[in-house]
Amino acid sequence: GLTYPERRLLRLFMPLSYFLLTCGVSLALFVVGPKAIRFLLGFGGDGLRPMMTVNSVLQFLLFLGIAFGLTFEMPIVILVLGRLGIVNYVRLWGYRKMVYLGIVVAAAVLTPGPDIISQLFLAIPMVVLFEFSLLLLLWQEKLPTAKMPPHA
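Predicted, not measured: the structure shown is a model, and the values here were computed from it.

### Comments concerning the overall build of the chain
Then, in step 1: A count of helical and extended segments in the chain gives 6 helices and 0 strands.
Then, in step 2: Helices and strands in the chain line up, N terminus first, as α-α-α-α-α-α.
Then, in step 3: Taking 15 Å as the expected radius of gyration for a compact globule of 152 residues, we find that the chain reaches 19 Å, considerably beyond that expectation.
Then, in step 4: Overall, the chain is about 70 × 35 × 20 Å in size when its C-alpha atoms are taken along their principal axes.

Structure, rendered in structure tokens:
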């Protein structure tokens, strides 16, 4: 049901999308999750004892993994929007400061818990991914549009 250009794009974006999702979830589960839990457990004292359950920890890690996995898809979304002509390199370059502010706000909203550690661990990769997306968008715009063979 897909045309030749759509199949070609799908063959390119599917492995990249899977790789980015895996990187985001892995960062959340193996780096940020343990550090955030350790940070949150540090609030306990003599009179305070943490009352964690397996369900609450799994829920925390699941939400963290989903947030990181979805935000790591940013390059794919920006490339598709660029391909559709909705955004371009010059426009996104001009809005960089606003995008950075949006990234910080999104990191604060998406990460569970009040700790700044998990927010920074989400915001910093998002900024790097945004800059990487800008480079990919610039590269995509400079590519000559190839003549596609007709589809049957």
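Once the structure has been displayed, the description carries forward.
### Some points on the nonpolar core
Then, in step 1: By size, the foremost hydrophobic cluster in this structure holds 29 residues, and its most contacted members are F60, L64, F68, M74, I78, L92 and F130.
Then, in step 2: Going through the elements one at a time, α1 (4–41), α2 (54–71), α3 (74–83), α4 (89–94), α5 (96–110) and α6 (116–142) are the ones with two or more residues in this core.
Then, in step 3: Sort the elements by how many residues they give to this core and α6 lands first, with 8 residues.

### Regarding the packing of α1 against α3
Then, in step 1: Contact geometry for α1 and α3: axes closest at 10 Å, N-to-C directions at 155 degrees. Classified by the angle between their axes, α1 and α3 sit roughly antiparallel to one another. Facing L9, F13, L16, S17 and L20 of α1, the residues of α3 in contact are P75, I76, L79, V80 and R83.
Then, in step 2: Tallied by class, the residues present in the contact of α1 with α3 amount to 8 nonpolar, 1 polar and 1 charged.

### Brief notes about α2
Then, in step 1: End to end, α2 covers 26 Å across 18 residues, agreeing with the expected 26 Å (1.5 Å per residue, within 8%).
Then, in step 2: Every buried residue belonging to α2 is among V57, F60, L61, L64, G65, A67, F68, G69 and T71, and all of these are buried.
Then, in step 3: Packed against the buried residues of α2 are α1, α3, α5 and α6.

### Overview of the packing of aromatic side chains
The way to describe two aromatic rings as a pair is by their centre distance and the angle between their planes.
Then, in step 1: A full pass over the atoms with the stated rule returns 2 aromatic pairs.
Then, in step 2: For the pair Y89 and W93, a centre-to-centre distance of 6.0 Å together with 25 degrees between the ring planes defines the contact as stacked. With a gap of 4 residues between them, Y89 and W93 both fall in helix α4, about one helical turn apart.
Then, in step 3: Aromatic pair Y100 and F130: ring centres 6.3 Å apart, planes at 80 degrees, arrangement edge-to-face. Of this pair, Y100 sits in helix α5 while F130 sits in helix α6, and the two are 30 residues apart along the sequence.
Then, in step 4: For F130, a relative accessible area of 1% translates into the label buried.
Then, in step 5: The lysine or arginine in question, R96, covers the ring of W93, its NZ or CZ lying 4.1 Å from the ring centre.

Conventions used here
- Along each chain, numbering runs from 1 in the same order as the chain's sequence is written.
- The model is predicted, so local features are restricted to residues of pLDDT at least 70 and side-chain atom pairs to those at 80 or more, both for listing and for counting; the totals for chains, interfaces and linings are taken over all residues.
- Excluding hydrogens and water, the side-chain values take into account all heavy atoms of the structure.
- In this description a helix means any DSSP run of H or I spanning at least four residues, a strand means any run of E spanning at least two, and both kinds are numbered starting from the N terminus.
- When we talk radius of gyration, it's over C-alpha atoms, and the globule rule is simply 2.2 Å times the number of residues to the 0.38.
- Take the buried Ala, Val, Leu, Ile, Met, Phe, Trp, Tyr and Cys residues and link them wherever side-chain atoms come within 4.5 Å; each set so joined is a nonpolar core.
- Each residue's exposure class comes from its accessible area (1.4 Å probe, protein chains only) as a fraction of the maximum for that residue type: buried when under 20%, exposed when over 50%, partly exposed otherwise.
- To get an axis, fit a line to the C-alpha atoms, keeping to the stretch in contact for a helix; angles then go from 0 to 180 degrees between the N-to-C directions.
- By definition in this entry, angles of less than 35 degrees are roughly parallel, angles greater than 145 are roughly antiparallel, angles of 65 to 115 are roughly perpendicular, and the rest are oblique.
- Contacts are residue-level and defined by heavy atoms, with any inter-residue pair within 4.5 Å sufficient.
- Residue classes follow a fixed rule: Ala, Val, Leu, Ile, Met, Phe, Trp, Tyr, Cys and Pro count as nonpolar, while Asp, Glu, Lys and Arg count as charged, and any other residue, Gly among them, counts as polar.
- How far a helix is expected to stretch is found by multiplying one less than its residue total by 1.5 Å.
- Aromatic contacts are taken between Phe, Tyr and Trp rings whose centres are within 6.5 Å, Trp giving its six-membered ring; a plane angle under 30 degrees counts as stacked, one over 60 as edge-to-face, and the others as tilted.
- By definition, being over a ring means that NZ of Lys or CZ of Arg is both within 6 Å of the ring centre and within 35 degrees of the ring normal.

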